[in-house]
Amino acid sequence: MARELHIEGHRYWILSEPRGNGWMARVLELCDDGTNDEIGIEARAETRGAADAAAERKLRRLLHLPVN
């Protein structure tokens, strides 16, 4: 499953997949030429929503943006 974010003119995907008894989310940046770059952010949690939220918080901290 993927969720797309638009932050400061950039597009990111948070990709989530089941892992063991929980979920693992990772972040990719979508480039204008159709490729994507692995950002190096991973987050694990018991639910998909929690893993996605943790990955988004890590991305915002990396970009020095306020974390909600």
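Residues numbered from 1 in each chain as written. Predicted model: local features only at pLDDT ≥ 70, side-chain atom pairs only at ≥ 80, totals over all residues. Heavy atoms only, no water.

Comments concerning the pattern of salt bridges
- Scanning all chains against the criterion turns up 6 salt bridges.
- With a closest N to O distance of 3.5 Å, Arg11 and Glu4 form a salt bridge.
- When its relative accessible area of 36% is taken as the criterion, Arg11 is described as partly exposed.
- Where Arg60 meets Glu56, a salt bridge forms, and the shortest distance between an N and an O atom there is 3.1 Å. Separated by 4 residues within a single helix, Arg60 and Glu56 lie in helix 1 (residues 48–62), roughly one turn from each other. For the pair formed by Arg60 and Glu56, the shared burial category is buried.
- Look at the salt bridges and you will find they share partners, linking Arg3, Glu56 and Arg60 into a network. (Salt bridge = Lys/Arg side-chain N within 4 Å of Asp/Glu carboxyl O. Buried < 20%, exposed > 50% of the residue type's maximum accessible area, 1.4 Å probe, protein only. Helix = DSSP H or I, 4+ residues; strand = E, 2+ residues; numbered from the N terminus.)

In short, the description is geometric, and any link to function would need to be established separately.
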